[in-house]
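Fold and contact review
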Amino acid sequence: MTDSAPLPMAEARIALSHLDGNIRAIRQWTGEHVRIMGVVKANAYGHGVHRVAGTLENGGVSDFGVANIQEAIALRTGKTLKKPASILAFSSPLLPQIDAYLQHDIEMTICSFDILRAAEEKAVACGRKLTLQVKVDTGMGRLGLHPSETMELLRTIDRSPHLTLKGIYTHFAEGSKPDGYTAFQLERFRELVMQYQSESGRTVCKHAASSGPILCRKDAWLDMVRPGILLYGYLPDPGMPSPVSVRPVMQVEAKVVFIKSVTPGTTVSYNRTWVAPGPRRIATIAAGYADGYPRALSNRGTVVINGKSFPQVGTVTMDQIMIDLGTDHDVKTGDNAILFGWEGPSADDIAGSTGSISYEVLCSVSSRVKRLFI
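Let us look at the structure shown here.

Conventions and cut-offs
Residues numbered from 1 in each chain as written. Predicted model: local features only at pLDDT ≥ 70, side-chain atom pairs only at ≥ 80, totals over all residues. Heavy atoms only, no water. 1 Å grid on protein atoms, 1.4 Å probe; cavity = no way out; pocket = protein on both sides within 12 Å on 5 of 7 lines; lining within 4 Å. Points joined across faces, edges and corners; volume = space filled by probe spheres on them. Nonpolar A, V, L, I, M, F, W, Y, C, P; charged D, E, K, R; others polar. Salt bridge = Lys/Arg side-chain N within 4 Å of Asp/Glu carboxyl O. Helix = DSSP H or I, 4+ residues; strand = E, 2+ residues; numbered from the N terminus. Buried < 20%, exposed > 50% of the residue type's maximum accessible area, 1.4 Å probe, protein only. Core = buried A, V, L, I, M, F, W, Y, C linked by side-chain atoms within 4.5 Å. Contact = heavy atoms within 4.5 Å. Pairing = 2+ DSSP bridges. Right-handed = clockwise from strand over helix to strand, strands pointing away. Arc of directions from axis to C-beta. Polar contact = N/O pair within 3.5 Å; in protein donor to acceptor, adjacent residues only side chain to side chain. Axes fitted to C-alpha atoms, helices over the stretch in contact; angles between N-to-C directions. Phe/Tyr/Trp six-rings, centres within 6.5 Å; stacked < 30°, edge-to-face > 60°.

The next subject is empty space enclosed by the protein. Tallied over the entire structure, the rule returns 2 cavities of 30 Å³ or more. The computed volume of the largest cavity comes to approximately 60 Å³. Lining the largest cavity are Val252, Ala287, Asp291, Gly292, Tyr293, Pro294, Leu339, Phe340, Ile350, Val361 and Val365. Looking at the lining of the largest cavity, its residues break down into 9 nonpolar, 1 polar and 1 charged. For the second largest cavity, the full set of lining residues is Lys135, Val136, Asp137, Thr138, Gly139, Met140, Arg142, Leu143, Thr170, His171 and Gln185.

Right, let's talk about the pattern of salt bridges for a bit. Within the structure shown, the criterion is met by 18 salt bridges. A salt bridge links aspartate 63 to arginine 35; its shortest N-O distance comes to 2.8 Å. Taken as a pair, aspartate 63 in strand S3 (residues 63-66) and arginine 35 in strand S2 (residues 35-39) lie far apart in primary sequence, 28 residues in all. With a shortest N-O distance of 3.9 Å, arginine 190 and aspartate 219 are connected by a salt bridge. Of this pair, arginine 190 sits in helix H8 (residues 181-200) while aspartate 219 sits in the loop between helix H9 (211-216) and strand S9 (224-225); the two residues are 29 residues apart in sequence, bridging distant segments of the chain. A relative accessible area of 29% means that arginine 190 is categorised as partly exposed. A relative accessible area of 30% places aspartate 219 in the partly exposed class.

Now for the nonpolar core. Counting 110 residues, the largest nonpolar core has Val40 and Ile285 as its most contacted members. Apart from residues lying up to four places away in sequence, valine 40 is in contact with Val49, Val52, Leu56, Phe64, Gly65, Val66, Leu75 and Tyr232. Core analysis: the second largest hydrophobic core is formed by 7 residues, Val262, Trp274, Ile282 and Val313 among them.

All right, on to the pairing of S3 then. The alternating pattern of S3 places Asp63 and Gly65 on one face and Phe64 and Val66 on the opposite face, and all of these are buried. Relative to S3, S2 is paired through 3 bridges, and the arrangement is parallel. Across the sheet, glycine 38 pairs through a bridge with phenylalanine 64, a residue of S3. As defined by bridge partners, S3 adjoins strand S4 (residues 86-89) across 4 bridges and the pair is classed as parallel. Its bridge partner being in S4, phenylalanine 64 is matched across the sheet by isoleucine 87. For the crossover from S3 across helix H4 (residues 69-76) to S4, the handedness is right-handed.

Three or more residues of H4 are buried, namely Ile69, Ala72 and Leu75. Taken end-on, H4 shows its buried residues confined to a sector of 125°, consistent with a single buried face. Taken together, the buried residues of H4 touch helix H3 (49-58), S3, S4 and helix H5 (98-104). Its side-chain oxygen at 3.2 Å from the backbone nitrogen of glutamine 70, asparagine 68 defines the N-terminal cap of H4.

It is worth spelling out the sheet that holds strand S6 (residues 130-135) at this point. Either a parallel or an antiparallel arrangement is found when strands of a sheet pair, and the pairing is made through backbone hydrogen bonds. Spatial strand order, S2-S3-S4-S5-S6-S7-S8-S9: 8 strands in a closed barrel with parallel pairing. Two elements, S2 and S9, share 2 bridges in a ladder whose sense is parallel. Its bridge partner being in S9, isoleucine 36 is matched across the sheet by valine 225. On the sheet, helix H6 (residues 113-126) packs against strand S5 (107-110), S6 and strand S7 (163-169) and is oriented at approximately 150° with respect to S5.

It is worth spelling out the packing of aromatic side chains at this point. Counted by the stated rule, this structure contains 5 aromatic pairs. A centroid spacing of 6.2 Å and a plane angle of 35° characterise the contact between tyrosine 45 and tyrosine 359, whose relative ring orientation is tilted. Placement of tyrosine 45 in helix H2 (residues 41-45) and of tyrosine 359 in helix H11 (residues 358-363) is noted, with a sequence separation of 314 residues between them. For tyrosine 45, a relative accessible area of 7% translates into the label buried.

Encoded structure:
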């Protein structure tokens, strides 16, 4: 007997060709003069950060955004990136984390005078320059200094020979709506950076546009844009018009592991929420909410098997879901059921049925679902 990897019960097929097509479409829309930061936080929205980052690098991306220093180190040390890359950690760091930014050459988000002073002390102590980007809270209400406080922070950075200001950035609260609050935030941001550049006599990288403003607000592109969900094949708001055509990069499939016949009145799964209206063949699929298939989809979802759509029935369980095959079908054990992707329901379909968003659907695909890069 030879050792071999067992057949996976569920897998996420990651179409790197779709990812490459998406980055090309975004670049064609924004033009060559605007830099693109590939947002690869949360394991590249569940797609696999190293292979995704490598594909983006091959597509000309050299700036990457991650959530925190842990993700930044994993990307820097993952040996996937072949060229010098800029990696920005979006989170405000904790004091004990500052050394890691210096050690691994990670760009630090600064939005606190206390962290700035501590970061400068660390840079002086180790004799290295620390690269910073300043986050401005123009109205998101999450991270960043208020614009009225930001100028003094910028002046403090410029006075230090141990600190390098790489960029100034902000984030929109309603980025898929081009007017109203987005316009207000953009004007606030522009006023600040114009004041800084006029006073300092220097130009830094300015960026504000995530996927929504990339599509609907050209004047928010500035020096660099930060596509996230758009890279992975979805719009930030499924209802918004899009000048950019993208394709889903992830398709999640799971095996049919069991098929049985049931009689009228038979109940299926926990709490008996589905009752067979007549003779039925029920298939059990080897994926459940522990794999990222939402329990809220119980009795609402559909899957595609051999090109045909079938309803999911009964309560979604931790490891399995049940499918109503009807009475006439060609499904057999071992077949693949497409839970969502480019050949089945989309992540937007899943999200629409559960009151969620495509971002959460993609990020919820768990680590026990094998990633297969195609």
